[in-house]
Amino acid sequence: TQLLEQSPQFLSIQEGENLTVYCNSSSVFSSLQWYRQEPGEGPVLLVTVVTGGEVKKLKRLTFQFGDARKDSSLHITAAQPGDTGLYLCAGAPHSGYSTLTFGKGTMLLVSP
Amino acid sequence: EAGVAQSPRYKIIEKRQSVAFWCNPISGHATLYWYQQILGQGPKLLIQFQNNGVVDDSQLPKDRFSAERLKGVDSTLKIQPAKLEDSAVYLCASSLVLGELFFGEGSRLTVL
């Protein structure tokens, strides 16, 4: 079983601050997805990265896939209370393999 | 477009009782997943269906958990008998063959 370790587990910041959360593994993934889960809801996909070194931007969120495709990071600029939630990374081990392995997530709390 | 529907949203039972959860995936999605999410952790795959066939059930505790997807559409997940450690949110997700997972809101189970 391929494991994804996310850090930090919990992050509490003030509105306007920047932050980075990490997703690391000793295994190579063909693709990696980031989801955000709000309380009482299911996870919602934010982005999929598939190429080593790839960087994708989604408004104030910047996602990077490591060159070796073993790690990824999510950077949020000028965090807002609406960014509060559980950020989950999920990896697919092989191209064409649909089963995802999820990390435990980073719980982000952004206070006004 | 209607999302993934799950019911019930909440269920409280005593240990050794049985419970069933229902999921209706997005129309046209061939792949259906059941995940277990314990408080503070990421989702753990229980079973994955491709149409009405099982792709992966390696982490399903088969002595007490069962799932079926008759006619390749709706699915039910049953737990019998329930244990205290089964308290969790049970998430159903669906996808086209590969790619983004669309999650339902989940069914929260409390076992007393």
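As the structure is a prediction and not an experimental result, all values here were calculated from the model.

### Quick notes on the overall build of chain B
When its secondary structure is counted, chain B shows zero helices and eleven strands. Mapped from its N terminus to its C terminus, chain B presents α and β elements in the order β-β-β-β-β-β-β-β-β-β-β. Expected size for 112 residues packed as a compact globule is a radius of gyration near 13 Å; at 13 Å, chain B falls within 12% of this value. Buried positions account for 45% of the 112 residues belonging to chain B. When contacts within chain B are restricted to residue pairs at least 6 apart in sequence, long-range pairs at least 24 apart make up 52% of them. About 5,600 Å² of surface is accessible on chain B, with carbon and sulfur atoms providing 51% of the total. Placing the 12 positive and 11 negative side-chain charges of chain B at their respective mean positions leaves the two points 6 Å apart.

### What about the state of the cysteines?
For the coordinates displayed, the defined rule picks out two disulfides over all chains. Note on cysteine connectivity: Cys 23 of chain A is disulfide-linked to Cys 89 of chain A, with sulfurs 2.0 Å apart. Here the disulfide of Cys 23 of chain A and Cys 89 of chain A is right-handed, its torsion about the S-S bond being about 80 degrees. Here Cys 89 of chain A lies in strand S9 (residues 85-92) and Cys 23 of chain A lies in strand S3 (residues 19-24), a separation of 66 residues in the sequence. For Cys 23 of chain A, a relative accessible area of 0% translates into the label buried. At a sulfur-sulfur separation of 1.9 Å, the disulfide partner of Cys 23 of chain B is Cys 92 of chain B. Across the S-S bond linking Cys 23 of chain B and Cys 92 of chain B, the dihedral sits near -70 degrees, which makes this disulfide left-handed. One end of the pair, Cys 23 of chain B, is in strand S3 (residues 19-24); the other, Cys 92 of chain B, is in strand S9 (residues 88-95), with 69 residues separating them in the sequence. Neither Cys 23 of chain B nor Cys 92 of chain B differs from the other in exposure class; each is buried.

### Considerations on the sheet that holds strand S1 (residues 5-7) of chain B
Residue and element names in this part refer to chain B. Strand order in the open sheet made by the four strands is S1-S3-S8-S7, with antiparallel pairing throughout. Looking along the sheet, the strands with just one partner apiece sit at the ends: S1 and strand S7 (65-68). In this sheet, neighbouring strand axes are inclined to one another by 15 degrees on average, regardless of whether the strands run parallel or antiparallel.

### Description of the packing of aromatic side chains
For any pair of aromatic rings, the description consists of the separation of the ring centres together with the inter-plane angle of the planes. Inspection of the entire model under this criterion finds nine aromatic pairs over all chains. An angle of 85 degrees between the planes, with centres 5.4 Å apart, marks the rings of Phe 102 of chain A and Tyr 35 of chain B as edge-to-face. One end of the pair, Phe 102 of chain A, is in strand S10 (residues 101-102); the other, Tyr 35 of chain B, is in strand S4 (residues 31-37), on a second chain. For Phe 102 of chain A, a relative accessible area of 9% translates into the label buried. Linked through ring pairs, Tyr 35 and Phe 102 of chain A together with Tyr 33, Tyr 35 and Phe 103 of chain B together constitute an aromatic cluster.

### Concerning the interface of chain A and chain B
Counting residues at the interface gives 18 residues for chain A and 20 residues for chain B. For the pair chain A and chain B, the number of links is zero salt bridges. Summed over the shared surface of chain A and chain B, the result is four residue pairs in polar contact (both at pLDDT 80 or more). Secondary structure elements with two or more residues in the side of chain A that touches chain B: strand S4 (31-37) and S9 of chain A.

How each quantity is defined
- Residues numbered from 1 in each chain as written.
- Chains lettered and ligands numbered in written order.
- Predicted model: local features only at pLDDT ≥ 70, side-chain atom pairs only at ≥ 80, totals over all residues.
- Heavy atoms only, no water.
- Helix = DSSP H or I, 4+ residues; strand = E, 2+ residues; numbered from the N terminus.
- Rg over C-alpha atoms; globule rule 2.2 N^0.38 Å.
- Buried < 20%, exposed > 50% of the residue type's maximum accessible area, 1.4 Å probe, protein only.
- Contact = heavy atoms within 4.5 Å.
- Areas by Shrake-Rupley, 256 points an atom, 1.4 Å probe, with all protein chains shown as cover.
- Lys, Arg positive; Asp, Glu negative; His and termini not counted.
- Charge placed at Lys NZ, Arg CZ, Asp CG, Glu CD.
- Disulfide = S-S within 2.5 Å.
- Pairing = 2+ DSSP bridges.
- Axes fitted to C-alpha atoms, helices over the stretch in contact; angles between N-to-C directions.
- Phe/Tyr/Trp six-rings, centres within 6.5 Å; stacked < 30°, edge-to-face > 60°.
- Salt bridge = Lys/Arg side-chain N within 4 Å of Asp/Glu carboxyl O.
- Polar contact = N/O pair within 3.5 Å; in protein donor to acceptor, adjacent residues only side chain to side chain.

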